[in-house]
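Residues per chain are reported as follows:
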Amino acid sequence: MKKILFLVAAMATLISCSSHGEFYFDEAENRAYNNPNAEFDSLSYAYGIEMALPLHTQLADFDYNRDLFIELAEKYLSTDAKSLPDIELINAEFAKFDMECMRPYMMAKQRRMFAHSADMELPAIYNEKYTREMFTEWMSAMASNMVVSAAAPVNVHYVLEGIKATKDLIGEQADASAVRLDSAAQATIMLHRSHIQNYYRNELPKYHLEQTGEWLAEVAKQPGVQPLAIGNDTIYYRINNAGGVKISAPTDSIALDYRIYSYRGTLLQSTKTQMEGLEKRIMEAKANKELTDSARYAVIRQSEKIIADLKKHMAPVSTIRLEVIKHCLQYVGEFGSITIWAPTKFAPPSRMLMPNEGVVVDFEIKRIVPGAAMPAFPELPKKSTQTVRPENAPVNTGVEPAEGAKVPMKIVPAKK
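Residues numbered from 1 in each chain as written. Predicted model: local features only at pLDDT ≥ 70, side-chain atom pairs only at ≥ 80, totals over all residues. Heavy atoms only, no water.

Engineer: Help me understand the packing of helix α2 (residues 42–56) against helix α6 (residues 156–170), please; the structure alone is not making it clear to me.
Structural biologist: Each pair of packed helices gets described by two things: the angle between the helix axes and the distance between those axes. Between α2 and α6, the shortest axis-to-axis distance is 7 Å and the interhelical angle comes to 45°. In this view, α2 runs oblique relative to α6, as classed from their interaxial angle. Helix-helix and strand crossings are classified by hand; for α2 and α6 the assignment is right-handed. Of the residues in α6, those touching α2 at Ser44, Tyr45, Gly48, Ile49, Met51, Ala52, Leu53 and His56 are Tyr158, Val159, Glu161, Gly162, Ile163, Ala165, Thr166, Lys167, Leu169 and Ile170. In the contact of α2 with α6, the residues fall into 11 nonpolar, five polar and two charged. (Axes fitted to C-alpha atoms, helices over the stretch in contact; angles between N-to-C directions. Helix = DSSP H or I, 4+ residues; strand = E, 2+ residues; numbered from the N terminus. Parallel < 35°, antiparallel > 145°, perpendicular 65-115°, else oblique. Left-handed = near helix turned anticlockwise from the far one by under 90°. Contact = heavy atoms within 4.5 Å. Nonpolar A, V, L, I, M, F, W, Y, C, P; charged D, E, K, R; others polar.)

Given below as structure tokens:
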């Protein structure tokens with residue numbers, strides 16, 4: 001079951017169509033094109049196989065509508081990124097289907113397998129509320145979004161050819177309980193996946209490095225945005241509300257309300273999502289009929305305790321791990337808020353972040369509690385001896401700024 005959910009999650013990498021104009025998100029780009037007369041493209045063909053593969057292996061029991069899947073994939077891959085179906089909404093609907101139909105079916109199938117009883121009846125997968133066509137639409141939208149979110153320069157024609165070829169590639173060797181593929185099929189799948197892996201490792205990082213640089217140059221031109229040198233890198237910030245009393249020492253404790261996005265608007269993490277994840281865990285525990293009463297009670301109590309701790313959580317400034325937040329605390333006080341735009345090196349670890357994607361960090365200081373007396377905060381690090389400036393850093397007037405100092409606002413126009 002975990003493998004299935006992992007595959008679905010990989011398909012559902014989010015492209016946000018957020019309306020947060022004040023964050024200046026860059027618009028996601030769909031680089032797919034359709035040219036049936038072009039020479040064979042191995043990357044496109046490989047993406048087609050990857051889109052359909054789970055539906056013929058781990059999800060084979062769900063009997064998707066292959067023709068509808070192909071029709072919708074062609075439609076989704078041929079549109080601009082902002083016109084794709086609302087993936088957040090699809091994820092929410094799919095989660096309900098998983099809870100009400102998918103999970104009970106898979107658990108019942110596992111029990112039947114362990115009991116060695118082929119006669120044990122399995123619950124129905126679909127009903128009046130959830131249909132085979134609905135499942136197919138979700139999977140096609142998520143699979144197409146996987147390609148578009150990776151900005152893959154694929155030929156839609158050969159993507160569809162890859163989807164069509166998957167059934168013959170798999171043959172009758174796979175079933176839904178355990179993927180059984182012959183060595184030839186396994187070798188073919190690994191060969192096609194190597195094309196996608198090569199794109200992710202070599203081409204996609206170059207693409208996002210260039211796009212992030214252009215995006216930061218445009219952000220730097222926006223009203224109220226200021227540059228800040230951190231070592232040989234430059235980040236940008238805007239004070240939304242200066243707030244009141246400021247941090248005075250690293251031993252001070254603070255409570256933050258924060259949101260972190262990719263430069264394309266994908267929400268990576270936030271205080272709200274932490275709460276929502278725990279609340280979802282409580283709801284699932286209450287609805288899970290497989291749990292004993294004592295196990296259900298333990299899950300609920302543990303989750304409720306973590307939620308209570310998060311609501312009153314205070315942390316010493318010295319323990320904050322995200323460097324951009326630590327550097328920008330000096331500019332806002334209690335109840336103040338600030339937005340930061342930064343290169344990918346300042347991002348937190350996240351499976352949802354593509355290689356070299358820039359980030360947007362938005363936070364508000366909810367409370368400050370003074371700690372023991374310490375030297376004035378923040379103590380800026382000693383100046384680096386390196387002299388190489390980042391490619392997209394603003395051009396100074398000839399004097400290198402100290403670390404943590406504001407950078408003169410002479411911006412090189414972004415490439416068009």
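Engineer: It is not clear to me how the environment of Gly244 should be interpreted in this structure. Could you clarify?
Structural biologist: Mapped onto the elements of the fold, Gly244 is located in the loop between β2 (233–241) and β3 (253–262). The sequence separation of Gly244 and Val332 amounts to 88 residues, and the corresponding C-alpha distance is 7.6 Å. For Gly244, the contacting residues outside a window of four places in its chain are Gly333 and Glu334.

Engineer: How should I be thinking about the packing of helix α3 (residues 66–77) against α6 in this particular structure?
Structural biologist: At a minimum axis separation of 10 Å, α3 and α6 run at an interaxial angle of 160°. As the angle between them shows, α3 and α6 are arranged roughly antiparallel. At the point where α3 passes α6, the crossing takes the right-handed sense. Touching Arg66, Phe69, Ile70, Ala73, Glu74 and Leu77 of α3 are Val156, Val159, Leu160, Ile163 and Lys164, all from α6. The residue inventory of the contact of α3 with α6, partitioned by class, reads eight nonpolar, no polar and three charged.

Engineer: I'm lost on α2 in this one. Help?
Structural biologist: Three or four residues apart is the spacing at which side chains of an α-helix point the same way, because the helix has 3.6 residues per turn. In a regular helix each residue adds 1.5 Å, so 15 residues correspond to 21 Å; α2 covers 21 Å between its end C-alpha atoms and thus fits that length. Counting buried residues in α2 gives 13 out of 15 residues, a clear majority hidden from the surface. (Expected span 1.5 Å × (residues − 1). Buried < 20%, exposed > 50% of the residue type's maximum accessible area, 1.4 Å probe, protein only.)

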